[in-house]
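Coordinate analysis (summary)
Each chain, letter by letter, is given below.
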Amino acid sequence: MLMLKARLESDLRDAMKARDELVTSTLRMAIAAVRNAEVAGKSARELSDDEILAVLTKEAKKRREAADAFAGAGREAQAAKERAEEEVISGYLPKQLSDDELAGIVRDALAAGGFSGPGSMGQAMKAAQAAVAGRAEGGRVAAIVKAQLTAG
């Protein structure tokens with residue numbers, strides 16, 4: 001069993017023993033999302049830690065978007081619950097890069113690949129995402145890649 005999945009399951013057991021309902025329900029959802037990803041596709045397989053991080057990143061993003069939607073609809077209690085769940089999931093994700101760090105990594109990735117101009121956005125995004133390795137949301141990466149390609 002892989003390290004991150006084992007940690008999630010161990011933390012779930014600890015939360016259940018401590019009767020922490022928020023952490024218990026959030027980790028159950030996260031583990032269910034991981035298991036769904038494992039059985040998706042043609043055949044079931046174990047996910048690597050990087051793939052599990054991608055699933056958790058997606059789950060955290062869902063919570064953040066739901067919190068924004070609930071807050072916009074005036075349902076603050078539900079928005080707060082979604083934010084709390086996102087916080088629990090974020091504890092398993094790598095520290096997010098600051099805008100300056102992200103811009104530097106993207107600049108290096110674009111220079112290494114020789115990308116310039118808006119026409120190379122697809123290949124540039126692929127290179128930048130590989131360099132960032134899950135430490136920043138795709139939307140942030142895309143915005144910086146686009147800005148640097150159009151500026152250069």
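Our subject in this report is the structure included herewith. Residue positions are given per chain, counting from 1 as you read along its sequence in written order. With pLDDT at 70 or above as the cut-off, local features in this predicted model cover only qualifying residues; side-chain atom pairs require 80 or more to be listed or tallied, and sums for whole chains, interfaces and linings still use all residues. Each side-chain value is worked out from all heavy atoms of the structure, with water and hydrogens disregarded.

Under the DSSP-based scheme used, a helix requires at least four consecutive residues in state H or I and a strand at least two consecutive residues in state E, with every element numbered from the N terminus. Summing up its helical and strand segments, the chain has seven helices and zero strands in all. Across the chain, helices and strands are ordered from the amino to the carboxyl terminus as α-α-α-α-α-α-α. Overall size of the chain, expressed as C-alpha extent along the three principal axes, is 55 × 40 × 30 Å. Buried positions account for 33% of the 152 residues belonging to the chain. Here, two residues are considered to be in contact whenever any of their heavy atoms come within 4.5 Å of each other. Sequence-distant contacts in the chain: of pairs separated by 6 or more residues, those separated by 24 or more amount to 60%. For the charge count, each Lys or Arg is scored as positive and each Asp or Glu as negative, with His and the chain ends excluded. Charge positions are represented by NZ for Lys, CZ for Arg, CG for Asp and CD for Glu. Between the averaged position of the 23 positive side-chain charges in the chain and that of its 23 negative side-chain charges there is a distance of 4 Å. Summary of the burial criterion: residues with accessible area below 20% of their type's maximum are buried, those above 50% are exposed, and those between are partly exposed, where the area comes from a 1.4 Å probe applied to protein chains only.

At a minimum axis separation of 8 Å, helix H3 (residues 49-72) and helix H4 (residues 76-90) run at an interaxial angle of 160°. Viewed along their axes, H3 and H4 adopt a mutual orientation that is roughly antiparallel. For H3 against H4, the interelement crossing comes out left-handed. Of the residues in H4, those touching H3 at Leu56, Glu59, Ala60, Arg63, Arg64, Ala66, Ala67, Phe70 and Ala71 are Glu76, Gln78, Ala79, Glu82, Arg83, Glu85, Glu86, Ile89 and Ser90. Amino acid classes used here: Ala, Val, Leu, Ile, Met, Phe, Trp, Tyr, Cys and Pro are nonpolar; Asp, Glu, Lys and Arg are charged; the rest, including Gly, are polar. Looking at the contact of H3 with H4 residue by residue, the classes come out as eight nonpolar, two polar and eight charged. All axes here are fitted lines through C-alpha atoms, helices being fitted over the stretch that makes contact, and every angle between N-to-C directions spans 0 to 180 degrees. Oblique is the label for every angle not falling under 35 degrees (roughly parallel), over 145 degrees (roughly antiparallel), or within 65 to 115 degrees (roughly perpendicular). In this scheme, a crossing is called left-handed if the near helix is turned counterclockwise away from the far one by less than a right angle; it is called right-handed if the turn is clockwise.

A few words on the nonpolar core. Each nonpolar core is a collection of buried residues, namely Ala, Val, Leu, Ile, Met, Phe, Trp, Tyr and Cys, held together in the definition by side-chain atoms within 4.5 Å. One finds Leu8, Leu27, Ile52, Leu56 and Tyr92 to be the most contacted residues of the largest nonpolar core, which totals 19 residues. Of all the secondary-structure elements, those providing two or more residues to this core are helix H1 (3-17), helix H2 (21-39), H3 and H4. Of the residues forming this core, the biggest block, six residues, is contributed by H2. In this view, leucine 56 contacts Leu4, Leu8, Ala30, Ile89, Tyr92 and Leu93; residues no more than four positions away in its chain are not counted. In terms of nonpolar packing, the next biggest core, distinct from the first, is built from 14 residues, Ala124, Met125, Ala136 and Val141 among them.

Our next topic: H2. The terminal C-alpha atoms of H2, which comprises 19 residues, lie 27 Å apart, in line with the 27 Å expected from a rise of 1.5 Å per residue. Of the positions making up H2, those classed as buried are Val23, Thr24, Thr26, Leu27, Ala30, Ile31, Ala33, Val34 and Glu38. The inward-facing, buried residues of H2 contact H1, H3 and H4. Residue glycine 41 follows H2 closely and has a positive phi angle near 95°. An expected span of 1.5 Å times one less than the residue number is assigned to each helix.

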